[in-house]
Every structure is written in structure tokens, then in C-alpha cells.
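Next come the chains, spelled out residue by residue.
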Amino acid sequence: MVRKTGPNNMTVEAILERAGYSCEACGNQVGDRRGEDWSVQHRRPRGMGGTRWQGINKPSNLMILCGSATTGWSPTG
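Caption draft 1: Layout of the pattern of salt bridges. Considering all chains together, one arrives at four salt bridges under this definition. A salt bridge links arginine 43 to glutamate 24; the shortest N-O distance between them is 3.5 Å. Of this pair, arginine 43 sits in the loop between strand E1 (38-42) and strand E2 (62-66) while glutamate 24 sits in the loop between helix H1 (9-18) and E1, and the two are 19 residues apart along the sequence. Take glutamate 24: its relative accessible area is 29%, and that puts it in the partly exposed class. The salt bridge partner of glutamate 36 is arginine 33, with a shortest N-O separation of 3.3 Å. For glutamate 36, a relative accessible area of 48% translates into the label partly exposed.

The rules behind each value
Residue positions within a chain follow its written sequence, with the count starting from 1. Local features are withheld for residues below a pLDDT of 70 in this predicted model, meaning they are given only at 70 or higher, and side-chain atom pairs are given and counted only at 80 or more; totals for whole chains, interfaces and linings count all residues. As a convention, hydrogens and water are excluded, and side-chain values are obtained from all of the structure's heavy atoms. For this document, the term salt bridge refers to a Lys or Arg side-chain nitrogen within 4 Å of an Asp or Glu carboxyl oxygen. Only DSSP runs of H or I reaching four residues or more are called helices, and only runs of E reaching two or more are called strands; each is numbered from the N terminus. Remark: exposure states derive from per-residue accessible area (1.4 Å probe, protein chains only) relative to the maximum for the residue type, with buried under 20%, exposed over 50%, and partly exposed in between.

In short, the description is geometric, and any link to function would need to be established separately.
In C-alpha cells, the structure reads:
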């Protein structure tokens, strides 16, 4: 069984609201498809294999970025 190590849904909704449903790097509005239009990224990286730091998934350590984390968002897909 895969263990979920990311932020919970309530935290994700809070950071989306904080960001105004926009990318916190470029300011563009994000779409509604998580993993395609936008992704949640850690300001302080988890690193390979995770971390023991208790604050890793707190809103202050998370940000919304456009794209899937490896690609940027494009209005044309």
C-alpha cells in the first residue's frame, strides 16, 4: 500500500485560496486539473525519500505553481 506523504485536501484548498487560484511564481490563473494545470510544491524540498521535519506539509512551506511540477502551464495545452 502506498503511503500518502503530501498535504491533506484541507491544506491544499487553503494554499489555493491564499494564492488566489494563481501560480505563485508567475501570477497566471491556474486551471482545475491538479497535476496538469497546477501542482503543490514544497519551498523547503522533501528530498529523495522524504523528511522527518514536522513542518514539511504546513501551508507556510507549500506553494502553488502552474504545470505539473516538471512542465509549465500553457493555455493551449
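Here the narrative resumes.
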